[in-house]
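# Coordinates in review
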Amino acid sequence: MKFFRLLAYDYKNGFRVGTVKLLVMVLFVVAFCIDFYYRKHVTYSFDEVIPSGTFIDYLFSIFAGIKEYTPSKEENFIIPVKWLLLHLFICYSTLYYPFRDLSSMGLNILVRTKGRLTWWFSKCIWNVSYVLTMYGVILITVFAFCLITKEPISLNITRMFVTDLLQPGDIHETLSFNLVYIILFYPLLILISLNLLQMTLVLIFKPLYSFVVVTVIWLTSAYLFSPFLPGNYAMVIRSEYVIQKGLSASEGMVMFLFLVSVSLIFGSLYFRRYDVLGEE
Amino acid sequence: MKKTFSRLLAIEIKKAIKNKFFIATLGIATTFSLFSAWYMIDHYRFQTFLSSIDGNPMTNASSLYNHWIGGEAMSLGFTLFFTLLPLIAVLPYGWSYFIEDKNGYVKTVVIRSNKWQYFLSKYLATFIAGGLVILIPLVVNFLLVASFVPAITPSMVYSLRYPVMIGSLWSTLFYTYPLIFVLLYLILNFIFAGLFATMSLAISFFLRNRIAIILTPFFLIMTLHYSRTFLAYRYYNEISPINYLHATCVENAANAWIITGQGLLFFVLTFGITMKLGVKREIL
């Protein structure tokens, strides 16, 4: 019972703190959709009809990322700013509330609940819920944008956009329907796992430096094409369903489970002995 | 009066560069710059080895000026350093006014001097700390790379290896007096890093959340960087500080007017807000 009351408290306060950020996310997603719409018009301006982009095409463009980078003096590394901005903003959104709660009301609540683990797991569930809400906001905004611009609401991926606008490299002849699941779920799973990892790191490095660590993980993932860097699984154009030697979905699932388990286990063990008075 | 200000400024600068956040952030930034140096020195040695085997050695194609962190855009160190530059600059001291206001330190200082002196010294100390935390790793990287890679004057013959485009900021200096070009870029980085740091000081007057105060300048600069996408195929000058603070062109040519305009805008906004709202604010 105590746990559910604590969770209700976290939902109430955590979402109140994060309401403005949800609105900012809407603005970002609208800008990303306009960006895709505009690029489509520029690229196919000489065609008789500008091809329509479906709901999933818009989502694909948001979560696409960049193709594998091969370092060379002739080709500079260009940061995937849209992809990075989106993920970092979500990480930033979940950064403040647990820390603020611990350094203010959290102490009294910790005493009343008589269990540190209850407090910790409640924050973890709030964290996952907030990321899910952010993700829901992204989906709803893209949906609304498609309705307003009269783009088809469907899950059919337009291969032409992938080759012309996203340029993943060695692309498959036909795109499997499984790619829709990758677009819908993998960026979300990696976001959840890295947000939980960030919350655990806050206990060790404090919020700002844990944000720096997570940002370094996202950036390094964009730079290095490696199955050991989680951000790669959140870049849809690096998936095995898009390119010939892409990253396997099952490895992505293993990475997700590994990060979530490590964060939950290490976080709960560390928090049991954490000096909460030092946060006052 | 002057003596009080100079003492206050000395105290503020001491606090700004002798705190654990400055040291930790300097450590992180230096690590990024060392990553770049390590990668590029290795790259240079590998290239030298390859050219020694066969063909044109292309001696002028590789020099210090396209191997230091400001001249290369291919290493992980470069990526981390320049992308996180607006965040690194803020971390050492951008949060200080917020904390001092919260714990009451401001009151004790203001009654011994005045608000104008306090905010001016705070602005200068924040600017210097932000500038130094970026400048020192750049200098370390430059000196380290210079110890292994010769400082050959860049040649237009290898324009792909030296991406400083015609009309780009100080491009004529790059191909004639490259050391002066690098020194000017170091100064430019110092100034902009200082301005990024003071952004968080100005934001402290509007937000009551330390994390937001520190991260807002970073997200503003990232949003500015993203806004370039709407200028694609229309405008070919660099508008993002993340790109134009890099000495050689990453995507577009650096334009002197845009850089000056943005620098002045950042200065007017940060200095104006800090001094006007700071002096107006009821502290006691």
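Computed from a prediction, not measured in an experiment: that's the story for all the values here.

## Focus: the overall build of chain B
From N to C terminus, chain B includes 12 helices and 2 strands. Written out in order from the N terminus, the α and β elements of chain B read α-α-α-α-α-α-α-α-α-α-β-α-β-α. For chain B, the C-alpha radius of gyration of 21 Å lies close to 19 Å, the compact-globule estimate for 284 residues. Along the first, second and third principal axes, the C-alpha set of chain B runs to 75 × 40 × 35 Å. Looking at chain B residue by residue over its 284 residues, the buried ones come to 57%. Considering only contacts within chain B whose residues lie at least 6 apart along the sequence, 77% involve residues at least 24 apart. Only carbon and sulfur atoms are counted for the fraction: they give 70% of the accessible area of chain B, which is about 12300 Å².

## Some details on the overall build of chain A
Broken down by element type, chain A carries 11 helices and 0 strands. Secondary structure elements in chain A, listed N-terminal to C-terminal, are α-α-α-α-α-α-α-α-α-α-α. By the compact-globule yardstick of 19 Å for 280 residues, chain A fits well, its C-alpha radius of gyration being 20 Å. For chain A, the spread of C-alpha atoms along the principal axes amounts to about 70 × 40 × 30 Å. Here the analysis covers contacts within chain A between residues at least 6 apart in sequence; of these, 77% occur between residues at least 24 apart. For chain A, the accessible surface area stands at approximately 12100 Å², while carbon and sulfur atoms represent 66% of it. Once the 22 positive and 18 negative side-chain charges of chain A are each reduced to a mean point, those two points are 16 Å apart.

## Comments concerning a nonpolar patch on the surface
Residues and elements named next belong to chain A. Judged by side-chain polarity, Ile-204, Phe-205, Phe-258, Val-262, Phe-266 and Tyr-270 come together as a nonpolar surface patch covering roughly 520 Å² of accessible area. Of all the elements in the fold, those that place two or more residues in the nonpolar patch are α9 (178-205) and α11 (249-272). Per element, the largest residue contribution to the nonpolar patch is 4 residues, and it comes from α11. Examined against the element boundaries, Ile-204 turns out to sit in helix α9.

## Concerning the confidence of the model for chain A
Across chain A, pLDDT averages 89, with 98% of residues at or above 70. The weakest mean pLDDT in chain A belongs to helix α6 (residues 106-113) of chain A at 74; the strongest belongs to helix α4 (residues 81-93) of chain A at 95.

## Considering the pattern of salt bridges
Counted according to the given criterion, the structure contains 14 salt bridges over all chains. Between Asp-35 of chain A and Arg-39 of chain A there is a salt bridge, with its nearest N and O atoms 3.2 Å apart. Within this pair, Asp-35 of chain A and its partner Arg-39 of chain A are both found in helix α2 (residues 19-43), separated by 4 residues, close to a single helical turn. As a salt-bridge pair, Asp-101 of chain B and Arg-208 of chain B come within 3.6 Å of each other at their nearest N and O atoms. With a gap of 107 residues between them, Asp-101 of chain B in helix α5 (residues 96-103) and Arg-208 of chain B in the loop between α9 (178-203) and α10 (210-227) connect regions that are remote in the sequence. Judged by its relative accessible area of 23%, Asp-101 of chain B is partly exposed. Because the salt bridges share partners, they merge into one network encompassing Glu-12, Lys-15, Glu-100 and Lys-122 of chain B.

## Here's the deal with the UniProt feature "transmembrane region" (unreviewed entry) in chain A
UniProt records the feature "transmembrane region" (unreviewed entry) for residues 20-38, 77-99, 120-145, 175-196, 208-229 and 249-271 of chain A in the present numbering. A distance of 32 Å separates the end C-alpha atoms of residues 175-196 of chain A, which is 86% helix and 0% strand.

## Digging into the interface of chain B and chain A
Between chain B and chain A, the contact holds 45 residues from the first and 37 residues from the second. Where chain B abuts chain A, roughly 3700 Å² becomes buried across the two surfaces, and 73% of that area is made up of carbon and sulfur atoms. By the criterion of area lost to chain A, the three top residues of chain B are Ile-211, Phe-219 and Tyr-226 of chain B, representing 19% of everything that side buries. Seen at the junction of chain B and chain A, the total is 1 salt bridge. Note that Glu-74 of chain A and Arg-161 of chain B form a salt bridge whose closest N and O atoms lie 2.8 Å from each other. Where chain B touches chain A, the interface holds 12 residue pairs in polar contact (both at pLDDT 80 or more). Those elements that place two or more of their residues in the side of chain B that touches chain A are α2 (20-53), α3 (76-83) and α10 of chain B. Residues belonging to the side of chain B that touches chain A are distributed by class as follows: 28 nonpolar, 12 polar and 5 charged.

## Thoughts on the UniProt feature "transmembrane region" (unreviewed entry) in chain B
Residue and element names in this part refer to chain B. In this numbering, the UniProt entry assigns the feature "transmembrane region" (unreviewed entry) to residues 21-41, 73-99, 120-153, 173-199, 211-236 and 256-279. Helix makes up 100% of residues 21-41 and strand makes up 0%, while its end C-alpha atoms are separated by 30 Å. Across residues 256-279, helical content stands at 100% and strand content at 0%; the span's end C-alpha atoms are separated by 33 Å.

## With respect to the nonpolar core
All names here are of chain A. Counting 191 residues, the largest nonpolar core has Met-25, Phe-60, Ile-138, Val-142, Phe-211 and Trp-218 as the members making the most contacts within it. A per-element tally of this core places α9 first, with 18 residues. Dropping the residues within four chain positions of it, Met-25 is found in contact with Leu-86, Phe-89, Ile-90, Met-134, Val-137 and Ile-138.

## Quick look at the packing of α4 of chain A against helix α10 (residues 207-223) of chain A
Residues and elements named next belong to chain A. Running from N to C, α4 and α10 point in directions that differ by 155°, and their axes come no closer than 11 Å. Comparing their axes, α10 and α4 come out roughly antiparallel. Between α4 and α10 the crossing geometry is right-handed. On the side of α4, the interface is formed by Trp-83, Leu-84, His-87, Leu-88, Cys-91 and Tyr-92, while α10 contributes Phe-211, Val-214, Thr-215, Trp-218, Leu-219 and Ala-222.

## A closer look at the packing of helix α1 (residues 2-17) of chain A against helix α5 (residues 96-103) of chain A
All names here are of chain A. Relative to each other, α1 and α5 sit at 120°, their axes nearing to 10 Å. Between α1 and α5, the crossing angle belongs to the class labelled oblique. α5 is crossed by α1, and the crossing has right-handed handedness. Note on element contacts: α5 touches α1 through Tyr-96, Tyr-97, Arg-100 and Asp-101, opposite Tyr-9, Asp-10, Asn-13, Gly-14 and Val-17.

Thresholds, definitions, all that
- Residues numbered from 1 in each chain as written.
- Chains lettered and ligands numbered in written order.
- Predicted model: local features only at pLDDT ≥ 70, side-chain atom pairs only at ≥ 80, totals over all residues.
- Heavy atoms only, no water.
- Helix = DSSP H or I, 4+ residues; strand = E, 2+ residues; numbered from the N terminus.
- Rg over C-alpha atoms; globule rule 2.2 N^0.38 Å.
- Buried < 20%, exposed > 50% of the residue type's maximum accessible area, 1.4 Å probe, protein only.
- Contact = heavy atoms within 4.5 Å.
- Areas by Shrake-Rupley, 256 points an atom, 1.4 Å probe, with all protein chains shown as cover.
- Lys, Arg positive; Asp, Glu negative; His and termini not counted.
- Charge placed at Lys NZ, Arg CZ, Asp CG, Glu CD.
- Patch = residues over 30% accessible without salt bridge, like charges linked within 9 Å, V, L, I, M, F, W, Y side chains within 5 Å.
- Salt bridge = Lys/Arg side-chain N within 4 Å of Asp/Glu carboxyl O.
- pLDDT = per-residue confidence, 0-100.
- UniProt positions renumbered as here; feature names shortened; annotations may be inferred.
- Buried area = accessible area lost by both parts, 1.4 Å probe.
- Polar contact = N/O pair within 3.5 Å; in protein donor to acceptor, adjacent residues only side chain to side chain.
- Nonpolar A, V, L, I, M, F, W, Y, C, P; charged D, E, K, R; others polar.
- Core = buried A, V, L, I, M, F, W, Y, C linked by side-chain atoms within 4.5 Å.
- Axes fitted to C-alpha atoms, helices over the stretch in contact; angles between N-to-C directions.
- Parallel < 35°, antiparallel > 145°, perpendicular 65-115°, else oblique.
- Left-handed = near helix turned anticlockwise from the far one by under 90°.

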